[in-house]
Structures are given as C-alpha cells and as structure tokens.
Amino acid sequence: MKTKDVQLRWKNEWGMPGASGSPLTIPVNTNEKENKMKMKHIIKFVVVAMLCGYGSAFAANWDNGGVGDSWMNPTNWAGDVLPAGQNVWMDNSDTAVLYAGDTDTIGMFFPGGLGDVDLTVMGTLNMTGRMRIAEVAGNTGTVTVDGGILNVGDHLYVGAHGTGHLELKNGATITTGDTYGFQITAAWGSGTGSVVDLYDGTITTDMFSMKAGSFLNVGDGSIIIAGDEKSKIDGYVASDLIVAMDVSETIDVSFADGFTTIQAIPEPATLGLIAAFG
C-alpha cells in the first residue's frame, strides 16, 4: 500500500495553535476510498483538538461562589483566584459588580449566558484582548458602565449570535482598539435585538458599525469614531437604528478634525422656543 504524508496545521479563533504548534503528520492512503475514510478520522481529531483549545483559552470563570457580588472577591471565581491578566468567561445568570475604586486587567472577556448575565463596571476594567457580549446563539448579557472606565485593547461587540445590552451612564467612558472597533451586533453575527443605551458617557473607537435589528439610543453621551464615517452613520439614522432618547432632540452626525461624532441635540423648533422664551 502506497502512502504519503499529509501535514495539517490548525489554529483556533484565539490564535492558539493546536498541540505544540508544529505540523500534524499523518500517513494517508493514496487509495481514494480508504483515503476518504482516513480523512474523516483526521477531521474529527482536528475538531476535538480545536474544541479543547477553545475551553483552555478561558482561564477564569465567574461562579458566584462567594459572599456578595464583588468582582474583586476571589471566592466568586472558579478556583477562588482573581482573573488577573487571564481570559474570562462569565456565563452564569448572576450579577457582578466592579466597584468604584477597583481596577482589574484581564485578557479577553466573553460575558453572556442562557440566563442574563449582568455586570456593572463602576471602577476600571482593562482588557488586552477583545470583548464580546452574548457571542453564542441563545445567550444574553447586560453590561452597565456606571461612571466607570472600560478599556478594550481589541474590538467590542454588543451581541453576535446572541443578544447583548450595553448601558453607559454617569460619565462612563469606553475605548476600543483594533480595526473592528465597536459593533452593535457583530458583522458576522446572526443575533437580533442588541441595544446600546448611551444615557451619559463617551465611546471612542477606530470603527463603528450596526446591523439591522440592533439599536443605539442616545441621551447626553456621544460616540467618537476615527475617520469620516458620516455617510454610513447617516444611513443608520435614516433607518431609525440610531435615535435620540429625548423626543425633543434629534441625532447629529458631524465630521471634523479627523473624527466623526454621534450625539443628540435639540430640534431646531426646540431651539427656537428656547430663544423666544429665554
């Protein structure tokens, strides 16, 4: 039986190579029928390896095992260890709070579960990687930045295959890196109904996008986007994907000094009444 070596090298979504990262060499029969059978086994092996990589990529998981809801309480985390610098998965239907004055730095962060995950950030939460709220189908997740700071080194998706909800209030600030920036429902996601409520605060990002079925409600806050994105965002406004919380206000999209800004401003008629009555 003649055989030849087939090399497979795989990498999962988190950039973690399978095994040690070296090629996987498997003898494959050149006979077509037997070759197909062997390839089925190879594919199963690779899929299992990738799934193992998926699970090991998240080193910290919220289990709500301690007293209270503090993010900084080690007993609320699996293994009773704070997720310092680790990738975090939060999929329990519980409430967690990073209180004012508290600071933590983690890797990637995926909040969202079958029961609604509710995280409030009042302190400072830094991520060196990406953040995706409700990535998995059927999952929901709510993140409220209440006067706190959320620094995302990579992109931030509010909803992907699931339904996400993000709130900013009391002068909250969010910054994102990466060319994929800030997306309300990931461009590749199948979920619907994700919402961002911008009561009061600022989101600064390199890119912004939305999908039909997702919504941005703007109060006293603003979104600042690098580059001229005015035409695209005007389209979202025309489709009622972006609306002002106050019915007496309208959405203003402007481009100046290299940045596009989304904010709510008083309607012209309202400005006229203010001028007339002082």
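Let me sum up the structure you'll find in this document. Please read these numbers as outputs of a predicted model, since none were measured by experiment. (Residues numbered from 1 in each chain as written. Predicted model: local features only at pLDDT ≥ 70, side-chain atom pairs only at ≥ 80, totals over all residues. Heavy atoms only, no water.)

1. A closer look at the overall build of the protein
Phase 1: Within the protein, the secondary structure is distributed over 3 helices and 24 strands.
Phase 2: Buried residues in the protein amount to 44% of all 278 residues.
Phase 3: Within the protein, counting contacts between residues at least 6 apart in sequence, those at least 24 apart form 54% of the total.
Phase 4: Surface summary for the protein: the accessible area is close to 13,100 Å², and the carbon and sulfur share equals 56%. (Helix = DSSP H or I, 4+ residues; strand = E, 2+ residues; numbered from the N terminus. Buried < 20%, exposed > 50% of the residue type's maximum accessible area, 1.4 Å probe, protein only. Contact = heavy atoms within 4.5 Å. Areas by Shrake-Rupley, 256 points an atom, 1.4 Å probe, with all protein chains shown as cover.)

2. As for the sheet that holds strand β15 (residues 172–176)
Phase 1: Strand order in the open sheet formed by 8 strands is β6-β9-β12-β15-β18-β21-β24-β23, and the pairing between neighbours is mixed. Looking at the sheet topology across the chains shown, the edges are occupied by β6 (103–106) and β23 (249–256). Adjacent strand axes in the sheet meet at a mean angle of 10°, parallel and antiparallel pairs treated alike.
Phase 2: On top of the sheet, helix α2 (residues 230–238) reaches β21 (222–226), β23 and β24 (259–266); it is set at about 170° to β23, its chief contact. (Pairing = 2+ DSSP bridges. Axes fitted to C-alpha atoms, helices over the stretch in contact; angles between N-to-C directions.)

3. A short note on the pairing of β21
Note on strand geometry: in a regular strand, side chains alternate between the two faces of the sheet.
Phase 1: As judged from the 4 bridges shared by strand β18 (residues 201–205) and β21, these two strands associate in the parallel manner. Across the sheet, residue Thr-205 finds its bridge partner in β21, namely Ile-225.
Phase 2: The pairing of β21 with β24 spans 5 bridges and is classified as antiparallel. Opposite Ile-225, over in β24, you have Thr-260 as the bridge partner.

4. Considerations on the side chain of Asn-139
Phase 1: For Asn-139, the position within the fold is in the loop between β10 (131–133) and β11 (140–146).
Phase 2: You can call Asn-139 buried: its relative accessible area is 8%.
Phase 3: A distance of 3.3 Å separates a polar atom in the side chain of Asn-139 from the backbone oxygen of Gly-112.
Phase 4: Residue contacts for Asn-139: discarding those within four places in its chain leaves Gly-112, Gly-113, Leu-114, Ala-134, Gly-162 and Thr-163. (Polar contact = N/O pair within 3.5 Å; in protein donor to acceptor, adjacent residues only side chain to side chain.)

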